[in-house]
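An overview of the molecular structure
Okay, here's what each chain looks like letter by letter:
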Amino acid sequence: MSWLTEYVRPKIRGLLKREVPDNLWTNCESCEQMILTKDLRKALNVCPHCGHHMRATVPERLEWTFDNGEYTRIELPKVPVDPLSFRDRKRYTDRLKDERAKSHLEESMAVAHGQIGGHNAVVAVMAFEFIAGTMGAALGEAFLAAARLAILQQSPLIVFTASGGARMQEGMISLMQMPRTTVAVQMLKEAGLPYFVVLTNPTTGGVSASFAMLGDVQIAEPNALIGFAGQRVIEDTVREKLPEGFQRAEYLLEHGMLDMVVKRGDLRDVLGRLTAQLNYRHIAPRAA
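The name recorded for the protein in an unreviewed UniProt entry is Acetyl-coenzyme A carboxylase carboxyl transferase subunit beta, from Komagataeibacter melomenusus. Quoted verbatim from the Pathway (unreviewed entry) field of the UniProt record, the comment on the protein reads "Lipid metabolism; malonyl-CoA biosynthesis; malonyl-CoA from acetyl-CoA: step 1/1." In UniProt, the protein has this text filed under Subcellular location (unreviewed entry): "Cytoplasm".

Written out as structure tokens, the structure is:
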């Protein structure tokens, strides 16, 4: 009797009370089905039930894009911090410090170079996990650095966009990044180098009104939200009900704003083919 009460019963209770790790399962934002997190990662954060493309972090994007997940990140130029001494619910400097600790990123864009399909490429990835991928002076400098690196290496530039728009804490300085990034795109065109844009969910505001819509080839992930102002703002302005699927990737493809909508699992192959076709003068020799 003592063996049952002192050993077996506590073991059973321990099994029943064992907590399930918080990160074991993930709920799909679209269909709300539960997915094993390890299975979701294998599927590149695409829901196996409904095909919804969930957001991806900067390291994930870079790993999925470059051959064998191998790439080299570059150090980006520094910019003045908090030029307007801005404060809302907290100081802008404190917000930046918190975001850097949480995301392990310095800013809302990272730049790396490597090979895609055996061809050299420079890739810039916007980080929605850093203040919603908002565009400030640091992003403008990062984009310029990416364009200059592409020109130096005679490689195409590929940009993955994900943004809530301009960064209000930097005011007019944020808006100035729209023409600055447009100039960077023009530098690529003058150098005769391809510029590819992959629009992911969401791409809005000043980003969609500048470098996100200037690609030689415009690609989007399925059902990505792409636009300048929100649907409700537009409806209130024009006083009309907007069509079903307005501002979604498939609608924009149908109306000539995009060249293709590509599933995440096919993106690397598509980018590799485009790089080979449009950058044939600068193809890197394949390793033996």
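Attention now goes to the overall build of the protein. For the protein, the count of helices and strands is 11 helices and nine strands. Of all intrachain contacts in the protein linking residues separated by at least 6 positions in sequence, the fraction that spans at least 24 positions is 66%. Accessible surface, the protein: about 15,800 Å² in total, of which carbon and sulfur atoms supply 53%.

The next subject is the packing of aromatic side chains. Each aromatic ring pair is described using two quantities: the centre-to-centre distance and the angle formed by the ring planes. Enumeration according to the criterion identifies four aromatic pairs in this entry. Taking 6.1 Å as the distance between ring centres and 90° as the angle between the ring planes, the aromatic pair formed by Phe143 and Tyr195 counts as edge-to-face. A residue pair is termed long-range when its members are at least 10 positions apart, and Phe143 in helix 5 (residues 137–153) and Tyr195 in strand 7 (residues 195–203) qualify at 52 residues. Tyr195 carries the same exposure label as Phe143, and that label is buried. An aromatic cluster is defined as three or more aromatic residues linked by ring pairs; in this entry it consists of Phe143, Tyr195 and Phe211.

Read across the open sheet, the seven strands follow the order 3-4-5-6-7-8-9; overall the sheet is mixed. A strand with exactly one partner marks an edge of an open sheet, and here the two such strands are strand 3 (71–73) and strand 9 (260–261). The sheet contacts of helix 3 (residues 58–65) involve strand 3, strand 4 (109–116), strand 5 (119–126), strand 6 (157–163) and strand 7, and relative to strand 5 the element is tilted by about 160°. The strands touched by helix 5 are strand 4, strand 5, strand 6 and strand 7; relative to strand 4, the strand with the most contacts, the crossing angle is about 20°.

Taken from the UniProt record, the annotation "zinc finger region: C4-type" (unreviewed entry) applies to residues 28–50. End C-alpha atoms of residues 28–50 are separated by 9 Å, and the span's content is 26% helix alongside 13% strand.

Considering the arrangement of structural elements, one finds Thr203 in strand 7. Polar side-chain contacts of Thr203 include one of 2.8 Å to the side chain of Thr161.

On to the pairing of strand 7, then. Most of strand 7 sits inside the fold, with eight of its nine residues counted as buried. Both strand 6 and strand 7 contribute to a ladder of six bridges, which runs parallel. Within strand 7, the residue paired with Val159 across the bridge is Val197. Sheet topology places strand 7 next to strand 8 (residues 217–220); four bridges connect them, and they run parallel. Opposite Val198, over in strand 8, you have Ile219 as the bridge partner.

We now examine the pattern of salt bridges. Tallied over the full model, the rule gives 11 salt bridges. A salt bridge links Glu106 to Arg100; the nearest nitrogen and oxygen atoms lie 3.8 Å apart. The salt bridge involving Glu141 is made with Arg180; its shortest N-O contact spans 2.8 Å. Of this pair, Glu141 sits in helix 5 while Arg180 is found in helix 7 (residues 177–190), placing the two residues 39 residues apart along the sequence. In this structure Glu141 comes out as buried when scored by relative accessible area, which is 18%. The network of salt bridges with shared partners includes Arg61, Glu221 and Arg264.

If you check helix 11 (residues 267–278), its first and last C-alpha atoms are 16 Å apart, about what 12 residues at 1.5 Å a residue would give, namely 16 Å. Taken together, the buried positions of helix 11 are Leu267, Val270, Leu271, Gly272, Leu274 and Thr275.

Here we come to unusual backbone geometry. The linkage connecting Asn201 with the following residue, Pro202, adopts the cis geometry, with an omega of -10°. With respect to the element layout, Pro202 can be found in strand 7. One non-glycine residue with positive phi stands out, namely Asn68, at about 60°. Tracing the chain through its elements places Asn68 in the loop between helix 3 and strand 3. Judged by relative accessible area, which is 66%, Asn68 ranks as exposed. Its identity is not glycine, yet Arg239 carries a phi of approximately 55°, on the positive side. Its place among the elements puts Arg239 in the loop between helix 9 (231–238) and helix 10 (249–254).

Conventions adopted
Residues numbered from 1 in each chain as written. Predicted model: local features only at pLDDT ≥ 70, side-chain atom pairs only at ≥ 80, totals over all residues. Heavy atoms only, no water. UniProt positions renumbered as here; feature names shortened; annotations may be inferred. Helix = DSSP H or I, 4+ residues; strand = E, 2+ residues; numbered from the N terminus. Contact = heavy atoms within 4.5 Å. Areas by Shrake-Rupley, 256 points an atom, 1.4 Å probe, with all protein chains shown as cover. Phe/Tyr/Trp six-rings, centres within 6.5 Å; stacked < 30°, edge-to-face > 60°. Buried < 20%, exposed > 50% of the residue type's maximum accessible area, 1.4 Å probe, protein only. Pairing = 2+ DSSP bridges. Axes fitted to C-alpha atoms, helices over the stretch in contact; angles between N-to-C directions. Polar contact = N/O pair within 3.5 Å; in protein donor to acceptor, adjacent residues only side chain to side chain. Salt bridge = Lys/Arg side-chain N within 4 Å of Asp/Glu carboxyl O. Expected span 1.5 Å × (residues − 1).

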